[in-house]
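# Per-entry structural report
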Amino acid sequence: MFDLFPRPVLHDATAPALELEGVTARYDGTLALDNVSLSVRRGDQVAVVGPNGAGKSTLFNIITGILKPQQGTVRIAGSGPDGHICVGYVPQRNRIDWRFPVTVADVVMMGRVGKVGMLRRPGKRDRQLVEDALSEVDMLPFARRQIGELSGGQQQRVFLARVLAQEAELLLLDEPLAGLDIPSQEAILRILSQMRAARLTLLIATHDLNQAAEQFDQMILLNRRVVAYGPAAQVLTTENLARAYGGQLHVLHTLTGDVVVTDSCCGGGEPPVAQLVGTSEGTTDRVASS
Amino acid sequence: MLDWLIEPLGYGFMWRGLLAAVMVGTICSVLGTYVILQGMAFFGDALAHTILPGVVIAYLVGWPLAVGALIFGVLSAIGIGALSQRGEVREDTAIGVIFAGSFALGVAMLSTVRSYAVDLAHILFGDVLGVSPTDLWVTAGLGAVVLLLVYFFYKEFLVMAFDPTLAVVLRLPVKTLRYLLLIMIAVTIVISLQTVGMALMLAMLVTPAAAAQLLTRRLPTMMATAAGIGALSNVTGLYISYYINIASGPAMVLVATAVFALTFLFAPARGLVWRRLALQTA
């Protein structure tokens, strides 16, 4: 508890970026994750999808080390998760007090705090990394603005700059596109594809099955257990969706294809949306969430 | 005008009071920025009341009040931190239980003393004009320690206040830092006890910082502005109390409240008046 100067651990380059083995976790007294095992290769971009209460947030909290699992082990680059400062995370928008007196540059510099170390001031290299990260996400001209003066998409880009400045290698993004307009979403997706080029490993929690299928290499369909994990085409089958969404979802066979109707929602109070999901069989699943 | 300012300084109690008012205003306001940014106003108020038993014990035994207050302040800061971290009781509930219970214990102990009413008034509302040279040294010493800690752990406290999850992810010693901040708040409360007393202590922490937040966009400038507002309000309040003969603690708090009201209305871009104007021109 009084360890003021924790030592970062070294990475095993041959180990997977993230490994979970038999992880079981409770949250608020209910079973949130039940015997979850999975392994994410370095450089993969994995969408984490599933109904409300599927354990997505718990999964992220366990990877960051905020929650300890009751059973099972978590390994980041071969060891961990204690001591790793390579995990980057982008908070959900409603977790941040946007009136807080910090500038864009201040927020990005926060990513450096772990590496700078206690009782030391950020140096030239830290400032350079902050500047580079900001120009990477096209936000350098806004460096001196107060964080609340930006649009939602710009704020999201600032938080992506923060994980870049942190030199994080395993990134956890919780609904990074929720509530953003299309141009902002596209700007974020561009940055994510640059991150792929930089071989960063990404886990993205999302409710948008469509986008998840289009944008990311792999998909984890979660409902306390891992229902399916693999390329979107293999994961998004009617059986898997029915297993994951259970009572919240009804599969109707119609002349134009299978229609999947779900009444799960995103907890964010978003208006009902109807989406089209293409499956491997070439049928069209219609997912309406309310 | 100058005479008007200098005349009260002829009295030793008055310049000691002014010195205390400036120091307390500065220290409280700087730490107060963290209190308001982390939504800890209730905690601060509660902590101010929980130290009463410590103050009373010190008073009965004849120790300096600050010693008893400090011991109790630190103990209750740790107690509240521990009780709420276990997660079985909500933090504000834990604070409420400890706050009221401890305050009741203090009043009960004090009621055994003959000069009960006078003593209680003194503790509740402070007496900045009764500050002794020793009190000044204690305030200066403890205040310097608090401000140095704010300076040395600036970036860590900033991360914890803005994004506590990031603090965990960056493997900062979150628990240690949290207790450190609670103890710093306890120390600050003890420092300001003599000046404004328990009942109004919260204003010293919260009001100048709240006004400063409306005027600034970075934490260091917010702290400096809050310190300026706190120190100036206290000095102004003390002069007002001298000339129109009202209690000094409430006078200082009322000036700070007036400053907050003015910034709330007229702060550039963020004040109520400016936002109304912007709405009309838009």
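Residues numbered from 1 in each chain as written. Chains lettered and ligands numbered in written order. Predicted model: local features only at pLDDT ≥ 70, side-chain atom pairs only at ≥ 80, totals over all residues.

## Details of the overall build of chain B
Counting secondary structure elements, chain B contains 14 helices and zero strands. The linear arrangement of helices and strands in chain B, starting from the amino end, is α-α-α-α-α-α-α-α-α-α-α-α-α-α. Taking 2.2 N^0.38 as the reference for a compact globule, 282 residues should give roughly 19 Å; the C-alpha atoms of chain B span a radius of gyration of 19 Å, in line with that estimate. Structurally, chain B occupies a C-alpha span of about 65 × 55 × 30 Å along its principal axes. (Helix = DSSP H or I, 4+ residues; strand = E, 2+ residues; numbered from the N terminus. Rg over C-alpha atoms; globule rule 2.2 N^0.38 Å.)

## Focus on the pairing of strand β5 (residues 87-90) of chain A
Residues and elements named next belong to chain A. Side chains Val87 and Tyr89 of β5 all project onto a buried face; the interleaved residues Gly88 and Val90 project onto the opposite face, where all are buried too. Pairing of β5 with strand β6 (residues 170-174), which is carried by four bridges, proceeds in the parallel orientation. By the bridge assignment, Tyr89 is partnered in β6 with Leu172. (Buried ≥ 20, exposed ≤ 12 C-beta atoms within 10 Å, placed from the backbone. Pairing = 2+ DSSP bridges.)

## Notes on the environment of Val107 of chain B
Mapping Val107 of chain B onto the fold places it in helix α6 (residues 91-110). The sequence separation of Val107 of chain B and Ala226 of chain B amounts to 119 residues, and the corresponding C-alpha distance is 33 Å.

## Concerning the interface of chain A and chain B
The partner chain B presents 24 residues to the 25 residues of chain A that form the contact. Contributions of two or more residues to the side of chain A that touches chain B are made by β5, α2 (104-110) and α3 (113-116) of chain A. (Contact = placed C-beta atoms within 7 Å.)

## As for helix α9 (residues 238-245) of chain A
All names here are of chain A. By the burial criterion, the buried members of α9 are Leu241, Ala244 and Tyr245. Down the axis, α9 shows its buried residues gathered within 80° of arc, on one side only. Immediately beyond the C-terminal end of α9, within one or two residues, lies Gly246, with a positive phi of roughly 50°. (Arc of directions from axis to C-beta.)

## Quick word on the sheet that holds strand β3 (residues 45-49) of chain A
All names here are of chain A. Taken in spatial order, the six strands line up as β5-β6-β7-β3-β8-β9 in an open sheet, and their pairing is mixed. Of all strands in the sheet, those bounded by a partner on one side alone are β5 and β9 (225-230). Averaged over all pairs of adjacent strands, the angle between strand axes in this sheet comes to 20°, irrespective of strand direction. Bridge analysis of strand β8 (residues 218-223) against β9 gives five bridges, and the strand direction is antiparallel. Note on β9: the bridge partner recorded for Met219 is Gly230. Against the sheet, helix α1 (residues 56-64) contacts β3, β5, β6, β7 (201-205) and β8, and its axis sits at roughly 150° relative to β6. (Axes fitted to C-alpha atoms, helices over the stretch in contact; angles between N-to-C directions.)

## Thoughts on the pairing of strand β1 (residues 18-27) of chain A
All names here are of chain A. Alignment of β1 against strand β4 (residues 71-76), held across five bridges, turns out to be antiparallel. Counterpart to Thr24 in the pairing with β4 is Gln71. Both β1 and strand β2 (residues 30-40) contribute to a ladder of seven bridges, which runs antiparallel. What sits directly across from Leu20, in β2, is Leu38.

## Some points on the packing of helix α4 (residues 124-136) of chain A against helix α5 (residues 152-165) of chain A
All names here are of chain A. Where α4 meets α5, the closest approach of the two axes is 8 Å, and the angle between their N-to-C directions is 140°. Considering their axes alone, α4 and α5 lie oblique with respect to each other. Here α4 runs over α5; the crossing is right-handed. Residues Leu129, Val130, Ala133, Leu134 and Glu136 of α4 pack against Ala161, Leu164 and Ala165 of α5. Taken together, the residues that form the contact of α4 with α5 break down as seven nonpolar, no polar and one charged. (Parallel < 35°, antiparallel > 145°, perpendicular 65-115°, else oblique. Left-handed = near helix turned anticlockwise from the far one by under 90°. Nonpolar A, V, L, I, M, F, W, Y, C, P; charged D, E, K, R; others polar.)

## Concerning the sheet that holds β1 of chain A
All names here are of chain A. Within the open sheet, the three strands sit side by side as β2-β1-β4. Their pairing is antiparallel. Edge positions in the sheet fall to β2 and β4, since each has one partner strand and no second. Neighbouring strand axes in the sheet, compared pairwise and without regard to direction, differ in orientation by 25° on average. Strands β1, β2 and β4 of the sheet are contacted by α1, whose axis makes an angle of about 120° with β1.

## Description of unusual backbone geometry
Located in the positive-phi region is Asn35 of chain A, a residue other than glycine, with phi close to 55°. When you line up the elements, Asn35 of chain A lands in strand β2. Positive phi outside glycine occurs at Asn245 of chain B, with the angle close to 60°. By the secondary structure assignment, Asn245 of chain B is in the loop between α12 (219-244) and α13 (248-266). We classify Asn245 of chain B as exposed; it has 8 C-beta atoms within 10 Å.

## Concerning helix α11 (residues 174-215) of chain B
For α11 of chain B, spanning 42 residues, the distance from its first C-alpha to its last is only 30 Å, which falls clearly below the expected 62 Å at 1.5 Å a residue. In terms of burial, α11 of chain B is largely enclosed, as 32 of its 42 residues are buried. (Expected span 1.5 Å × (residues − 1).)

## Notes on the confidence of the model for chain B
Per-residue confidence for chain B gives a mean pLDDT of 90, with 99% of residues at or over 70. The ipTM for the predicted assembly is 0.90, set against a pTM of 0.88. (pLDDT = per-residue confidence, 0-100.)

## Brief notes about the confidence of the model for chain A
Residue and element names in this part refer to chain A. With 84% of its residues at a pLDDT of at least 70, chain A reaches an overall mean of 84. Looking over chain A, one finds the lowest element-wise mean pLDDT in strand β12 (residues 273-278), namely 38, and the highest in α2, namely 97. Counting interchain partners and residues more than four positions distant, the pLDDT-below-50 stretch residues 266-290 has 52 contacts.

## Observations regarding the environment of Val104 of chain A
Structurally, Val104 of chain A can be placed in helix α2. Separated by 24 residues in sequence, Val104 of chain A and Gln128 of chain A have C-alpha atoms that sit 14 Å apart.

## Observations regarding the environment of Ala213 of chain A
Structurally, Ala213 of chain A is set in helix α7 (residues 209-215). When the C-alpha positions of Ala213 of chain A and Pro101 of chain A are compared, they lie 38 Å apart, and in sequence the two are 112 residues distant.

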